[in-house]
Structures are given as C-alpha cells and as structure tokens.
Amino acid sequence: MEQSEIAARLIAHLGEDKVLASGEHSDQHWVTVAPGDLRSALQFMTEDADVSVDMLTDLGGVDYLDYGDDRPWRFEVAYQLSSLAKNHRFRVKVAVTDEETEVPSVWDLFGVANWMEREVFDLYGIGFTDHPNLRRILCHDDFVGYALRKDYPINKRQKLTRPIESLLTDKPEWA
Amino acid sequence: MGLESKLEVPYLTTTMDTVINWGRKYSMWPLPFGTACCAIEFMGVVSSRYDISRFGAELVRFSPRQADLMLVMGTVTQKMAPVLKQIYDQMPDPKWVISMGACASSGGFYDNYSVVQGIDELIPVDVYVAGCPPRPENVLGAVAKLQEKISREKAAAWR
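Remember, predicted model here, so these are calculated numbers, not experimental data. Counting from 1, residues in each chain are numbered in the order their sequence is written. Here every chain gets a letter starting at A, and every ligand a number starting at 1, in the order they are written. This being a predicted model, a pLDDT of at least 70 is required before a residue's local features are given, and a value of 80 or more before pairs of side-chain atoms are given or counted; all residues contribute to the totals for chains, interfaces and linings. As a rule here, side-chain values cover all heavy atoms of the structure and leave hydrogens and water aside.

1. Section: the interface of chain A and chain B
Residue contacts follow a heavy-atom distance rule, with two residues in contact if any of their heavy atoms lie within 4.5 Å. Contacts between the two partners involve 20 residues from chain A and, on the opposite side, 11 residues from chain B. Once two parts are put together, the accessible area they lose, assessed with a 1.4 Å probe and summed over both, is termed the buried area. Both faces considered, chain A and chain B share a buried interface measuring about 1,200 Å² in area, 58% of it formed by carbon and sulfur atoms. Any Lys or Arg side-chain nitrogen found within 4 Å of a carboxyl oxygen on Asp or Glu counts as a salt bridge. Linking chain A with chain B are two salt bridges. Here B:Glu121 and A:Lys159 are joined by a salt bridge, their closest N and O atoms 3.9 Å apart. Within 3.5 Å is the distance limit for a polar contact, defined as a pair of N or O atoms, with the added protein rule that one can donate a hydrogen and the other accept it, and that residues adjacent in sequence qualify only through two side-chain atoms. Inspection of the region where chain A meets chain B yields five residue pairs in polar contact (both at pLDDT 80 or more). Broken down by class, the residue content of the side of chain A that touches chain B amounts to 13 nonpolar, three polar and four charged. Gly falls in the polar group here, along with every residue not listed as nonpolar (Ala, Val, Leu, Ile, Met, Phe, Trp, Tyr, Cys, Pro) or charged (Asp, Glu, Lys, Arg).

Take a look at the structure:
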C-alpha cells in the first residue's frame, strides 16, 4: 500500500479536525496528532486489515525549540511504524507542548516501546502515562534536567559519585 | 658455560630496586577495561601479528584481583565512572594504568553531557596513548614506555 493511501485512510478514520498536521517528504508521509488521539490512531493502524501495522521500528523525541517555523508545540514524538505482512512503513507523530508533556504509553500495543519511551523520557522529559517503569535509562539516576532538550547546555556534565543501584539488585528492569 | 663462567665470583652485586623492578616490568598482567573501539584494536595488540607477549604482558586477566596493569580503552561515561574507580580500587598494588586513545585520555570529540573528559579525573594514569584508535605499535610503545618508568621506581614505595 502506498504511504499516501495509508495517510488518507488514517485521516479519514480520525476525522480532519483531529489531524494537527500532515505532509510528505521524499515519498515518506506522516500525520501529526494530539496526545489524546495517539492511541486510537495507532490502534487503527494495527487493526485495519489493509494497513496491518505489526511492528514499532522506532520511537524518538524531537525538540523544535528555536527551530524557526511556526508550529505551536515544542516537542514531537515520532512513531516509526512498519508492517511486515504488507511490506510498508508509516510515520505517526504526536505533538507535545512545553506546558503539558504527557503522552499516553503504547507499551501494551508494542512491547518494544517500553525502553524507547524511557529513553525519550530520560532525554526530553516527556512523560508517558501508564508506563510500567518510567525512569531514566541512559543518564544516571542523579542527573538533573533533560540532556537532549535544546536549552540544556551541550557540555554540562553531572557527576555520579555512588554505585549504580540497578547493578546491585536482582529485581528485573521492568518489574 | 654461559656468562657466569666469565665472572671471578659466582654472584653479582645489585640493588633490590633493580631486581624487583626488572621482575615487575617484564611480567605485567593486563586488565582490559574496554568500553569502545580501542578495545577492538587491543585484540590486534594481543594477537600473533603484534603480540604483546614479546613484552611479557600477554596474560590478560578479567579479574582486577589478578591484574596489575589497567588498560582503559574507550569512552568512559559519567555513568561508568564509579565502575572504573571501583575496579581500579580492587586491583592490588603495585598497579599501573595505560590510557589508550583519545576518548580515555581526554574525552576525544565527545565534549558533551555524558562523557568524562579524560580518566585522569578519576584515577592516576601512567602512560597516555594518542590515536583514534591508536595503532598496535603505539600501544606496544606505551608498554615499553611504562617499562622504562617502572625501572626507575622505588620498589618499596608501593605498599
């Protein structure tokens, strides 16, 4: 299925008024939705027989602070979706404002989202509602702030002076 | 039969420092603290083509209790810093450290939020090796340099 058809189908499912933005670059189409509509969008992508998305390839945050365009939100979280059954890909983005940095977790739809959402939380400070274990994954536990936000000084280092606790416990990461 | 047949008496006079340092410098046991691509280069140093065993340092140990030469090879992050310090502390004296490559020596091009800007912020370093990654010859040069340094040490200065 062509990506333009997938975009049209998703927009028809959500309704024009729920789509904050959509577009295309190098034959790659994307649709931006509000956090409240994310789950219904991704659920549609997995359940629709022709789209039939079965894999979340990647999930990443973007900070558009001082980017220079007129988008009214600061962050985006991009969900790179893929269908192994139908051999096509699609990108869904969710717009996140500086005031309300909460996005619903999609961990129950795609198990792989668990650590990816932790990574976005760790580096951008975007929270994922109903995530089973939302804590830092790359930066150490004493780190203050969010390293990949554009207003974080690029070489501001923070020392960790105690052992890493997760290495000292038998408790699994997702517990 | 050998050299001793030329001696008038069957013994030599020397100092304890010379004998102990001679023994130490030709039997270093390396502990590889490999965190990045320099550790791949170290495999070449150990293997037959370059062969670190020609310098008496071939017995690579993965327990700090059994090693006296720490080779820090690669990027050390702030999160890894306590681990590096702890492993160094676990090594028994006498012990030496070679900082291999740009990242371990200075942070390299990772002037960012997560990387320690040189492991000498954490532990004492005896020899720095330049390169990204260094050539195996360069690492062997560092071992030779360290042997020179050991031969000048006061053996009793170590606990």
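2. So, the sheet that holds strand β3 (residues 96-100) of chain B
All names here are of chain B. Strands sit in the order β1-β2-β3-β4 across an open sheet of four strands; the sheet is parallel. Strands with a single pairing partner mark the edges of an open sheet, and in this sheet they are β1 (30-34) and β4 (127-129). Averaged over all adjacent pairs, the angle separating strand axes in this sheet is 20°, with direction ignored. Any two strands with at least two DSSP bridges between them are considered paired. Only DSSP runs of H or I covering at least 4 residues are called helices, and only runs of E covering at least 2 are called strands; the numbering of each starts at the N terminus. In this structure, β3 lies alongside β4, joined through three bridges in parallel fashion. Bridged to Met-100 within β4 is Val-129. The sheet contacts of helix α2 (residues 38-46) involve β1, β2 (69-73) and β3, and relative to β2 the element is tilted by about 130°. Each axis is a line fitted through C-alpha atoms, and for a helix only the stretch in contact is used; angles between axes span 0 to 180 degrees, taken between their N-to-C directions.

3. Quick notes on the packing of helix α1 (residues 3-14) of chain A against helix α2 (residues 35-47) of chain A
Residues and elements named next belong to chain A. It is at 10 Å that the axes of α1 and α2 come closest, and there the two elements cross at 130°. When the axis of α1 is compared with that of α2, the two are oblique. Seen along the crossing, α1 lies across α2 with a hand that is right-handed. Where α1 approaches α2, its residues Ile-6, Arg-9, Leu-10, His-13 and Leu-14 are matched on the opposing element by Asp-37, Ser-40, Ala-41, Phe-44 and Met-45. Each angle is binned into one of four classes, with values under 35 degrees roughly parallel, values over 145 roughly antiparallel, values of 65 to 115 roughly perpendicular, and all other values oblique. Crossings are sorted by hand: turned counterclockwise from the far helix by less than a right angle, the near helix makes the crossing left-handed, and turned clockwise it makes it right-handed.

4. A word on the nonpolar core
Formed by 40 residues in total, the largest nonpolar core has its most connected members in A:Leu10, A:Leu38, A:Met45, A:Val77, A:Tyr79 and A:Val92. Elements with a contribution of two residues or more to this core: α1, β2 (28-33), α2, β3 (55-63), β4 (75-83), β5 (88-96) and α3 (113-124) of chain A. Listed in part, the 22 residues of the second largest apolar core include B:Ile52, B:Leu71, B:Ile98 and B:Ile150. Residues enter a nonpolar core if they are buried and are Ala, Val, Leu, Ile, Met, Phe, Trp, Tyr or Cys, with the set joined through side-chain atoms within 4.5 Å. Think of it in three bands: with a 1.4 Å probe and only protein chains considered, a residue is buried below 20% of the maximum accessible area for its type, exposed above 50%, and partly exposed in between.

5. Observations concerning the environment of A:Arg149
Residue and element names in this part refer to chain A. Among the structural elements, Arg-149 can be located in the segment after β7 (127-129). Sequence separation of Arg-149 and Tyr-64 is 85 residues, and the distance between their C-alpha atoms is 9.0 Å. With residues up to four places along the chain from it excluded, the contact list for Arg-149 reads Asp-63, Arg-74, Phe-75, Asp-98, Thr-101, Leu-123, Tyr-124 and Gly-125. A polar side-chain atom of Arg-149 sits 2.7 Å from the main-chain carbonyl oxygen of Tyr-124.

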